[in-house]
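Tertiary structure, described
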Amino acid sequence: MFIRVMLVAWLTMAGTIIPGSQSLVLAEESKGEPDRTKLPLPLPPFEGKIGKTYKESEAVWQRPVAAPKGAPNVIVILLDDVGFGQTSTFGGLIPTPNLDKLAAQGLKYNRFHTTAICGPSRAALLTGRNHHECGNGFLMEWATGFPNYSTMLPKSTATIGEILKDNGYATWWFGKNHNTPDWETTIAGPFDRWPTGMGFDYFYGFNAGETHQYYPVIFENTTPVEPDKSPEEGYHFMTDMTDKAIARMKFSKSVAPDKPFFMYFAPGAMHAPHHVTAQWREQFKDKFDMGWDEYREIVFKNQLEQGIVPPGTKLTERPDWVPTWDSLTQDQKDVYSALFENFAGYFAFTDQEVGRLLDAVKELPDAENTMVIYIVGDNGASSEGGPDGTLNEITNLNGITPTIDDIKKNLDKLGGPESEPHYPVGWAWAGNTPFQWVKQVASHLGGTRNPMVISWPAKIEHDPKPRDAFLHLVDVVPTILEASNLPMPTTVNGIEQKPLAGKSFFASFTDPNFEGRPQQYFEVFSNRSMYADGWKANAQHTIPWRQDFAPGNWENDQWELYNLNEDFSEANNLASSMPDKLAELKKLFDKAAQEHDVYPLDDRGTGRLSSPKPPVPGSDPNTSTYTYFAGATRIAEPAAPPMKNNAWTLTAKVKTQGDDTEGVIMAFGGVAAGMVVYVDQGIPVFDYNYFEDHTILKGSRPLPSGEATVEVDFNYQGKQPGGPADITLKVNGEKVAEAKMEKTVAGRFGIDTFGIGEDTGQPVTSAYQPPFKFTGEIEKVVVEIK
């Protein structure tokens, strides 16, 4: 009898009609649209009947919120650090056949604009507001206590993920998240500014400006996860995130084929470190030996011939901060070419992986109704590799410049797990052909103008001529909303929303004469610009590869003036001949800056980078003692103990099995720089990685079996950041090794984290394979700042 009852129940739940049983009754689809201006939407009214018992009642299930009929799937692809003149699709010399293919099915846009820097660009893209208005005036690593520069995204600027999720979409985020303050990325949260707290059902990626592609710091939703294989076994994050995106998309359409999805696909590529295998890099061997001057000439010719730039466009002149290629030594040419060949290989590999995603889209049941918005870069090409490029970009970000000899003798590491490479300034300038300047320089188009391609087979017919409307990242959200037949909500979760700064360019899909925005301000790092009705005024202020350079004296900046209606590339400065027009635009900038929360201007690089950030929420901001237990991992650098430019003592209480014990007790940082306390065959080791120059303290015998105390005394001697230190390693209070360092890391160890009991992500040293978990027991690790 029991089995029969359970079988009937199961068949009923499965939707099979049993004689004498009641079939599933759903409420009819609403004939009128619900009020979508206040989110989230409540369940629709109950349409059944309730009596005293079930016999005289009628059950009717309330339908969950559904997207408007015909709403498209939406995929936003956002690459990182790409110049206008790098991809073959826009005249560049790096082949991007999958981007070419997408453009051949849809539309190219040649006057699309970003903010000139990654985190702010992403905030503008996701919210439809200008970056200062949503707390992202600059990057979280340089955050200050002003609400427009705190990087704490306010609830009044809900993301497109939140809006679409509340309107019946599935929402997923893959790849880079540079919009969660890193002091909020520990297990303590709060998690409301993580992707899953900003409207995304699922997140698989990293919470930083960049990640190591072979040893990424990955989170799945809010849980840290490790790669399923090593670099030697073929692991690369670009492939991993693409696999995850394809699998999620197919799974969703298998279960709910009529439910539209929004996918935000944001690879770490093409941001440094440029990690790619030799197989990809070698395809470009000697391809760029012509140098950056000739590269620009070739690309500019391509752009004119392909109609990427209008007739009459001029190629801007070489600035004095880029030497002519012919003036370089052969060693310089060899190094610079190799670094750019590596970048090109990384780009070609990235294009292949994005192509796999786009091919998977074609297999969907509603492939025709899938809109792909492919934004080729969140800013222009990056010059952060410095004048000579680098194999360790973290060194450069700390203000230390490697020599050509240092780079050349280590080129065998290029692109591999032991490198964090970036190309030199000259290739960034060439990558932004035909414009002036580079990433970070929001005053000029080299920093802010990026290619965009849109495909939507159900709605867009291919046009080989690029759309030339003046557009900005803030225009993407309203365009998606119009395409999905959704309004911008006035309130989300009871919080009144700031108005959108952007305007929809949906009409441009069918109207080649669509004009775009009449006005837009730009500001990053005090580099500022004002666009109004074809005119643009620019004030360049800081230098991207000089974090130590903060000129102040904003009133002394030399403003330039360009008529973009006649001068696509900003080649003809009209400031001296049209002072009244320049004065008009400068006033407009000041007005926009006040309206959109730009002030106060701040040009400090190193100063902001090293300034204290908020403590982990719930921790004591004034503490000097930090206590951790085994398993405390993935703690971002600003949330970890302040062990740089300070004296400190680390005391670890452990239990061992003598020389059978191994593994990491504490690790901080990674391949580029960091420190680690570990045990090798029972012997305690302290290794300080100063940009691949290792100071190693090692005991002479294994730890005793049972309880033991391992102590590192770091006696910082510096009066300025990065100064010397005396280091002592002790076991059970007895000194076992000592050393002196003349220099220590002043700024950041890089893009990896702090942890106890294992070395997640990158290894601090090649002496072990990560995560190299501690095989004994860790009672606790105490770090005391003196």
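Residues numbered from 1 in each chain as written. Predicted model: local features only at pLDDT ≥ 70, side-chain atom pairs only at ≥ 80, totals over all residues. Heavy atoms only, no water.

1. Quick look at the sheet that holds strand E17 (residues 559–563)
In a beta sheet, neighbouring strands pair by backbone hydrogen bonds and run either parallel or antiparallel. Strand order in the open sheet formed by 4 strands is E14-E15-E16-E17, with antiparallel pairing between adjacent strands. In this open sheet, the two strands that pair with only one neighbour each are strand E14 (519–524) and E17. Ignoring strand direction, the axes of neighbouring strands in this sheet form an average angle of 10°. The sheet contact formed by E14 and strand E15 (residues 527–532) spans 6 bridges and is antiparallel. By the bridge assignment, Gln-520 is partnered in E15 with Tyr-531. (Pairing = 2+ DSSP bridges. Helix = DSSP H or I, 4+ residues; strand = E, 2+ residues; numbered from the N terminus. Axes fitted to C-alpha atoms, helices over the stretch in contact; angles between N-to-C directions.)

2. Describing the confidence of the model for the chain
Low pLDDT means the predicted coordinates in that region are not meant to be read closely. Averaged over every residue, the pLDDT of the chain is 94; residues scoring 70 or more account for 96%. Taking the mean pLDDT of every element in the chain, the minimum, 43, falls on helix H1 (residues 2–13) and the maximum, 99, on strand E8 (residues 261–266). Within the model, the stretch residues 1–21 combines pLDDT values under 50 with 6 contacts to residues more than four positions away or in other chains. (pLDDT = per-residue confidence, 0-100. Contact = heavy atoms within 4.5 Å.)

3. So, the pattern of salt bridges
Opposite charge on two side chains makes pairing possible when the charged atoms of those side chains draw close. Following the criterion strictly, the structure yields 36 salt bridges and no others. With a closest N to O distance of 2.8 Å, Lys-155 and Asp-192 form a salt bridge. In this pair, Lys-155 is assigned in the loop between helix H3 (118–127) and helix H4 (160–165) and Asp-192 in the loop between strand E4 (170–176) and strand E5 (202–206), connecting sequence segments 37 residues apart. Taking the relative accessible area as the measure of exposure, Lys-155 reaches 39% and is therefore partly exposed. (Salt bridge = Lys/Arg side-chain N within 4 Å of Asp/Glu carboxyl O. Buried < 20%, exposed > 50% of the residue type's maximum accessible area, 1.4 Å probe, protein only.)

4. Looking at the sheet that holds strand E20 (residues 663–669)
Spatial strand order, E23-E22-E21-E20-E27: 5 strands in an open sheet with antiparallel pairing. Of all the strands in the sheet, the pair left with one neighbour each is strand E23 (693–698) and strand E27 (754–756). On average, adjacent strands in this sheet sit at an angle of 15° to one another, irrespective of strand direction. Sheet topology note: the E20/strand E21 (residues 674–680) ladder contains 6 bridges and is antiparallel. Bridge assignment links Gly-663 to a residue of E21, and that residue is Val-679.

5. Structural notes on the packing of aromatic side chains
One pass over the structure, following the stated rule, counts 54 aromatic pairs. Judged by centre distance (4.9 Å) and plane angle (90°), the rings of Phe-343 and Tyr-423 are edge-to-face. Remark: Tyr-423 occurs in the loop between helix H10 (404–409) and helix H11 (425–431) and Phe-343 occurs in helix H8 (residues 330–361); sequence separation between them is 80 residues. Judged by centre distance (6.2 Å) and plane angle (75°), the ring pair of Tyr-688 and Phe-749 falls under edge-to-face. One end of the pair, Tyr-688, is in strand E22 (residues 683–690); the other, Phe-749, is in the loop between strand E26 (734–741) and E27, and 61 residues separate them in sequence. With respect to class, Tyr-688 is no different from Phe-749; both count as buried. Sitting over the face of the ring of Tyr-202, Arg-248 holds its NZ or CZ atom 4.0 Å from the ring centroid. Across the ring face of Phe-568, the terminal group of Arg-449 is positioned such that the distance to the ring centre comes to 4.8 Å. (Phe/Tyr/Trp six-rings, centres within 6.5 Å; stacked < 30°, edge-to-face > 60°. Lys NZ or Arg CZ within 6 Å of the ring centre and 35° of its normal.)

6. Quick look at H3
Across the 10 residues that make up H3, a large majority, 10, are buried. When H3 is considered as a whole, its buried residues turn out to be Cys-118, Gly-119, Pro-120, Ser-121, Arg-122, Ala-123, Ala-124, Leu-125, Leu-126 and Thr-127. Where H3 is buried, its residues contact strand E2 (73–78), H4, E4, E8, strand E9 (370–375) and helix H13 (476–483). Downstream of H3 by one or two residues, Gly-128 has phi in the positive range, about 75°.

7. Some remarks on the nonpolar core
Generally speaking, nonpolar side chains in soluble globular proteins are found buried as a group. Membership of the largest hydrophobic core comes to 115 residues, with the highest contact counts inside it found for Phe-174, Met-249, Met-263, Phe-265, Trp-292, Tyr-374 and Trp-427. Excluding residues within four positions of it along the chain, Met-263 makes contact with Val-74, Ile-75, Val-76, Trp-172, Phe-174, Ala-245, Met-249 and Leu-357. (Core = buried A, V, L, I, M, F, W, Y, C linked by side-chain atoms within 4.5 Å.)

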